[in-house]
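# Fold and contact review
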Amino acid sequence: MEEAVDSVISEDHPTIQELLQTKALESSLLPERVSDTAETSQRRLDALAKLHEFVSSWIQVHYFNKKGVQPAFELKAKILSFGSYRLGVNTSSGDIDVLICFPECVSRRDFFDAFYKELSERDDVEELHAAEDAFVPAIKLEFHGVEMDLLMVHFHMDTISDDVTISEDEILLNLSPECARSLNGPRVTNKILEVCPSEHNNFKVCLRTIKLWAKRRGLVSNVLGLFGGVHMAMLVCKVCQLYPNACASVLVQKFFETFSAWDWRQPVRLCYVQDQHYPGLSQWDEKRNPRDMNQHMKILTPMYPSQNASYNVGVSTLFHIKNELKRGETIAAEIMREQQVEDTNTNTNTSTS
């Protein structure tokens, strides 16, 4: 694990009362449908297995149609999930973000033409449409009963072996801008999990709580300059770095305490990211780029090329976010105080009985 940017504030382990508060928090989340049921979880696994089967079959046919011969080697692609599903915090109605890593025989044009056409002919595909001109191009669909966003990258390789990793920066060399942007989501998701020191369930419960809070308070809209899923994941990860042994109930309280007081002129960083200066890939740098310096909220992605995920937060939306964080901090602190009083009274009554 890489060294965190900021020093740990506290390594205290949770008290019994804090663990009980976490159990109560988890119970309160159950009726909110912020996590998968066993049934929906299995449906997603089945859909991903079907997708892998379909991609594996399609690529063989595509190669033959394109080259006129069968491949002289084992031709394979690789499927990677990312985003909320990969982090383990998807809701029961949420979609799955999927990156399909293709070998060089599959171009971006092939993906949006031949691959899309083949999808359209399947009985288990619904709501199919292409967002080819989006900043991160994708095919959106419901596959085998599960909503998915399919992204693609094609590497300069004959086949994609099982041990191919996307964590090394060199994987970005000689890729098109569209492919590099498609890789960004999975690379950032994996890095968040790597640099988060907390026990994973504490991270998940805290993040589910923060996502529910943001939804309830009207703070979820990346397009409108508010929070997106990756913003909240990185902020929760930051709190986990500052309080690595804390349980989920404490992490929620520390989330509001930390970011209600944060000086947003200072970036939130999960780790230092070296600028590789690869052609066509620009990293966030407020010392060299005036555009970066003038951004109002700075939450930096933890993989090269590091970018400000909250670049489109404006003055008015930052004001709204700060007010809601302060409100959340006040409520969370009051809940903790009430719990402490209740615990004290319980202990007093026990000792005198």
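Here goes a summary of the coordinates provided. If you're wondering where the values come from, they're calculated on a predicted model, not measured in any experiment. (Residues numbered from 1 in each chain as written. Predicted model: local features only at pLDDT ≥ 70, side-chain atom pairs only at ≥ 80, totals over all residues. Heavy atoms only, no water.)

### Thoughts on the pattern of salt bridges
Pairing is possible between side chains that carry opposite charge, provided their charged atoms lie close to one another. Put simply, the rule reads: Salt bridges are counted wherever a side-chain nitrogen of Lys or Arg sits within 4 Å of a carboxyl oxygen of Asp or Glu. Labels follow the DSSP assignment, with helices taken as runs of H or I lasting at least four residues and strands as runs of E lasting at least two, numbered in each case from the N terminus. Each residue is assigned to one of three classes by its accessible area relative to the maximum for its type, calculated with a 1.4 Å probe on protein chains only: buried under 20%, partly exposed between the two thresholds, exposed over 50%.
Taken as a whole, this structure holds 22 salt bridges when the rule is applied. Of the charged contacts in the structure, one is a salt bridge between glutamate 32 and arginine 216, with a shortest N-O distance of 2.6 Å. Placement of the pair is glutamate 32 in the loop between helix 1 (16–29) and helix 2 (38–67) and arginine 216 in helix 6 (residues 200–216), with a sequence separation of 184 residues. For glutamate 32, a relative accessible area of 31% gives the class partly exposed.

### Notes on the environment of valine 136
Keep this limit in mind: Residues are treated as being in contact if the distance between any of their heavy atoms lies within 4.5 Å.
Turning to its location among the elements, valine 136 is positioned in the loop between strand 3 (125–131) and strand 4 (138–143). When residues no more than four places from it in sequence are discounted, the contact partners of valine 136 are Leu151, Arg181 and Ser182.

### A word on unusual backbone geometry
Look at the link from tyrosine 304 to proline 305: it is a cis peptide, with omega at -5°. Note on placement: proline 305 falls in the loop between helix 9 (290–293) and helix 10 (315–352). A positive phi angle, near 55°, is found at histidine 277, a position not held by glycine. For histidine 277, the position within the fold is in the loop between helix 8 (248–260) and helix 9.

### Considerations on the pairing of strand 4
Sheet faces and side chains relate simply in a regular strand, where the side chains alternate between the two faces. Stated formally: Two strands make a pair as long as DSSP finds a minimum of two bridges between them.
Two elements, strand 3 and strand 4, share five bridges in a ladder whose sense is antiparallel. Bridge pairing in strand 4 links glutamate 126 to glutamate 142. Note that strand 4 and strand 5 (residues 146–154) share five bridges and pair antiparallel. Looking across to strand 5, one finds that lysine 140 is bridged to aspartate 149. The loop that links strand 4 with its antiparallel partner strand 5 comprises two residues; one of these, histidine 144, has a positive phi angle of about 55°.

### Topic: helix 6
Worth spelling out the cut-off: A helix is expected to span 1.5 Å for every residue after the first. The term polar contact refers here to a pair of N or O atoms within 3.5 Å; inside protein, the definition further demands a hydrogen-donor-capable atom paired with an acceptor-capable atom, and it admits residues adjacent in sequence only when both atoms are side-chain atoms.
In this model, helix 6 (17 residues) spans 24 Å end to end at C-alpha, consistent with the 24 Å of a helix rising 1.5 Å per residue. With 13 of its 17 residues buried, helix 6 lies for the most part within the structure. Its side-chain oxygen at 3.0 Å from the backbone nitrogen of asparagine 201, glutamate 199 defines the N-terminal cap of helix 6. Looking one or two residues past helix 6, glycine 218 carries a phi angle of roughly 70°, positive in sign.

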